[in-house]
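Each chain, letter by letter, is given below.
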Amino acid sequence: MKDKEEKTYPDAVSYDVQAFLDFVSLVTSPYHAVLAAKTELTEAGFQELALGGAWELAAGGRYFVDVYGSTLLAFTVGAAGPLRMAAAHTDFPCFRLKPQAMEAEGAGCGLVNVEPYGGMIYRTWLDRPLSLAGKVVTRGSDPFRPVTHLVDAHLPLMTIPSLAIHRDREVNKKGELEAQRDLQPLFALQHLEPGETSDWISEVFGVPETPDDLLSFDLMTYPFEQGCTFGATHIFGEDGPAPEAGELLSSPRLDNSTSVWACVQGLVAATNAGVPDGVRLVALFDNEEVGSCTKQGAGSAVLMETLRRIYASALVAGWDSADDAGGSNGADGSRAAGERLAAALADGFLLSCDVAHGDHPAYPSKSDPYVSTQLGAGVVIKQAASQKYAGDAEAIAIVRALCEAHAIPYQTFVNRSGAPGGSTLGSIASALVPVRTMDVGVPVLAMHSARETMGTADEGALVALVRAVLE
């Protein structure tokens with residue numbers, strides 16, 4: 001048999017595959033996604049600002065703001081220059097625990113009372129070892145200041161068992177699952193008694209020491225299995241900047257860890273050699289999977305308020321000429337700040353990053369017959385006449401020009417005509433912050449499955465594009 005020709009990829013898209021997989025293994029909840037991003041940004045010299053604190057911005061400064069634990073905005077401010085931004089979301093489809101969750105039971109066994117979060121492919125969560133992560137909130141000295149603990153069990157704790165085919169002969173023809181009946185995870189052979197959920201959480205996570213101090217929790221399931229590359233053809237060989245890796249990558253939470261990691265890596269790389277002129281900002285929003293309309297979502301005021309604070313700062317005011325009417329104080333100063341921001345938005349750019357649909361090899365009829373989107377063929381420019389994906393002709397031209405200037409492979413996605421398709425945060429954010437925006441992402445198969453598949457090299461293309469936007 002003739003040897004298969006090895007694929008080669010431009011140096012621009014080479015990256016550390018294992019570092020990416022390690023990052024995905026850390027982001028087991030939106031809170032842990034923010035924590036992982038904060039860790040990488042801190043190591044790169046970024047400084048944390050309090051959401052409710054006074055900000056004193058310095059020229060060349062690198063900053064990030066934690067928004068309620070599950071959203072993060074990171075930015076740099078240089079000399080006078082343009083506004084360039086990238087955004088992604090930190091959440092993913094999963095099962096979230098209800099109150100008194102551990103006290104459900106069936107056939108004498110302990111079940112977990114959960115509800116679906118986001119648009120899940122239910123059947124992919126069956127018969128997998130599942131763990132729990134999120135936050136536990138305990139009593140503080142002040143009722144308005146409870147204590148929050150991030151937790152991750154790092155253990156297989158439960159599974160959702162299928163019903164045997166011998167008891168459901170139609171399962172491969174129908175396979176419909178009802179969330180309350182069929183999707184409650186099994187975690188013990190004996191069920192807990194009423195009131196014992198707090199004891200179980202305290203025992204598994206080590207907090208709180210006194211179960212009565214547990215006031216609330218936000219815990220979610222995640223597949224315990226780790227991501228990996230696979231495939232007979234390997235890329236990024238021994239002499240490259242990354243370990244040898246299969247050309248395909250399978251992992252939980254590719255939607256949207258791919259974009260979170262790309263935004264963080266792109267921002268760090270773009271500022272390594274010095275802070276660029278203007279404002280560079282990355283926004284990592286929560287709750288995209290349920291519509292974004294929360295205080296920490298892309299449908300909130302948080303991005304615009306952050307930009308207002310940046311452009312009202314004395315540092316940015318110093319961009320104005322000395323004889324600029326109004327200066328930086330008082331009512332005239334507020335007008336000047338508003339005008340600076342309006343001008344920045346009019347000339348600015350936002351790259352909205354979320355996964356895209358790759359053409360499924362078994363379902364070609366689900367794709368557009370003329371516009372192909374392939375795994376391993378580069379970052380995807382996502383277009384929709386409905387504007388469910390943000391973008392216009394100029395935004396497309398900008399992304400294509402950047403890709404061509406930096407040798408970044410790219411392609412296009414459109415929905416098959418008549419198919420509604422999906423949506424993401426780009427259109428929501430840009431309706432509130434009127435800046436030219438383009439939706440892009442890494443193409444995947446099995447989007448919203450418990451485990452998704454992508455082309456390994458595509459992550460490097462997305463990182464390179466985010467870097468090109470932010471440099």
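Structure first, text after, so check above.
Residues numbered from 1 in each chain as written. Predicted model: local features only at pLDDT ≥ 70, side-chain atom pairs only at ≥ 80, totals over all residues. Heavy atoms only, no water.

Brief notes about the nonpolar core
- With 59 residues, the main nonpolar core has Leu 41, Leu 284, Leu 351, Val 399, Val 440 and Leu 465 as its most contacted residues.
- Those residues within four positions of Val 399 in sequence are excluded, and the remaining contacts are Phe 349, Leu 351, Ile 381, Met 438, Val 440 and Leu 465. (Core = buried A, V, L, I, M, F, W, Y, C linked by side-chain atoms within 4.5 Å. Buried < 20%, exposed > 50% of the residue type's maximum accessible area, 1.4 Å probe, protein only. Contact = heavy atoms within 4.5 Å.)

Some remarks on helix 5 (residues 254-271)
- Over its 18 residues, helix 5 extends 25 Å from the first C-alpha to the last, a length consistent with the 26 Å expected when each residue adds 1.5 Å.
- Judged by how many residues are buried, helix 5 sits mostly within the fold: 17 of 18 residues are covered. (Helix = DSSP H or I, 4+ residues; strand = E, 2+ residues; numbered from the N terminus. Expected span 1.5 Å × (residues − 1).)

Quick look at the pairing of strand 12 (residues 214-223)
- By the criterion of burial, strand 12 is predominantly enclosed, with 8 of the 10 residues buried.
- Judged from the 9 bridges that link them, strand 9 (residues 130-138) and strand 12 form a sheet pairing that is antiparallel. Each bridged residue has a counterpart across the sheet, and for Ala 133 the counterpart in strand 12 is Met 220. (Pairing = 2+ DSSP bridges.)

Some points on helix 4 (residues 197-205)
- Those residues of helix 4 that sit buried are Thr 197, Ser 198, Trp 200, Ile 201, Ser 202 and Phe 205.
- On its buried face, helix 4 is in contact with strand 9, strand 10 (147-152), strand 11 (186-188) and strand 12.
- Once helix 4 ends, the next one or two residues include Gly 206, with phi positive near 80°.

Some words on the side chain of Arg 280
- Following the sequence through the fold, Arg 280 ends up in strand 15 (residues 279-285).
- Although Arg 280 lies buried, it forms no salt bridge, and the closest oppositely charged side chain, Asp 277, sits 7.4 Å away as judged by the N-O distance.
- Side-chain polar atoms of Arg 280 contact the backbone oxygen of Leu 470, separated by 2.6 Å.
- Setting aside residues up to four positions removed in sequence, Arg 280 forms contacts with Ala 74, Phe 75, Thr 76, Pro 82, Arg 84, Leu 267, Val 469, Leu 470 and Glu 471. (Lys, Arg positive; Asp, Glu negative; His and termini not counted. Salt bridge = Lys/Arg side-chain N within 4 Å of Asp/Glu carboxyl O. Polar contact = N/O pair within 3.5 Å; in protein donor to acceptor, adjacent residues only side chain to side chain.)

A look at the packing of helix 5 against helix 11 (residues 456-470)
- One way to put it is that helix 5 packs onto helix 11 with a least axis distance of 8 Å and a crossing angle of 45°. For the element pair helix 5 / helix 11, the angle class is oblique. Classified by chirality, the crossing of helix 11 by helix 5 is right-handed. Of the residues in helix 11, those in contact with Thr 258, Ser 259, Trp 261, Ala 262, Cys 263, Gln 265, Gly 266, Leu 267, Ala 269 and Ala 270 of helix 5 are Glu 459, Leu 462, Val 463, Val 466, Arg 467 and Leu 470.
- Among the residues making up the contact of helix 5 with helix 11, the classes are represented as 10 nonpolar, 4 polar and 2 charged. (Axes fitted to C-alpha atoms, helices over the stretch in contact; angles between N-to-C directions. Parallel < 35°, antiparallel > 145°, perpendicular 65-115°, else oblique. Left-handed = near helix turned anticlockwise from the far one by under 90°. Nonpolar A, V, L, I, M, F, W, Y, C, P; charged D, E, K, R; others polar.)

With respect to unusual backbone geometry
- Look at the link from Val 207 to Pro 208: it is a cis peptide, with omega at -5°.
- Examined against the element boundaries, Pro 208 turns out to sit in the loop between helix 4 and strand 12.
- Within the chain, Ala 407 stands out as a residue other than glycine whose phi angle is a positive 55°.
- Here Ala 407 shows up in the loop between helix 9 (393-405) and strand 19 (410-413).
- Of the residues examined, Ala 407 reaches a relative accessible area of 45% and is grouped as partly exposed.

Points about the packing of aromatic side chains
- Tallied over the full model, the rule gives 10 aromatic pairs.
- Look at Trp 55 and Phe 75: their rings are 5.9 Å apart centre to centre, the planes differ by 35°, and that puts the pair in the tilted class. Taken together, the residues Trp 55 in the loop between strand 1 (47-49) and strand 2 (61-67) and Phe 75 in strand 3 (residues 71-77) connect sequence positions 20 residues apart.
- Residue classification places Trp 55 among the buried residues on the basis of a relative accessible area of 15%. (Phe/Tyr/Trp six-rings, centres within 6.5 Å; stacked < 30°, edge-to-face > 60°.)

Comments concerning the environment of Gly 227
- Inspection of the secondary structure puts Gly 227 in the loop between strand 12 and strand 13 (228-235).
- Taking relative accessible area as the criterion, Gly 227 reaches 24% and is therefore assigned partly exposed.
- In this structure the C-alpha to C-alpha distance between Gly 227 and Ala 80, which are 147 residues apart in sequence, comes to 43 Å.
- When neighbours within four sequence positions are excluded, Gly 227 is seen to be in contact with Leu 21, Ser 250, Ser 251, Pro 252 and Arg 451.

Here we look at the pattern of salt bridges
- As enumerated under the stated definition, the model contains 10 salt bridges in all.
- Here Asp 213 and Arg 139 are joined by a salt bridge, their closest N and O atoms 3.3 Å apart. Here Asp 213 is found in the loop between helix 4 and strand 12, whereas its partner Arg 139 is found in the loop between strand 9 and strand 10, with 74 residues between them in sequence.
- Arg 139 sits in the partly exposed class, given a relative accessible area of 45%.
- Measuring nitrogen to oxygen at the nearest pair gives 3.0 Å for the salt bridge that ties Arg 436 to Asp 392.

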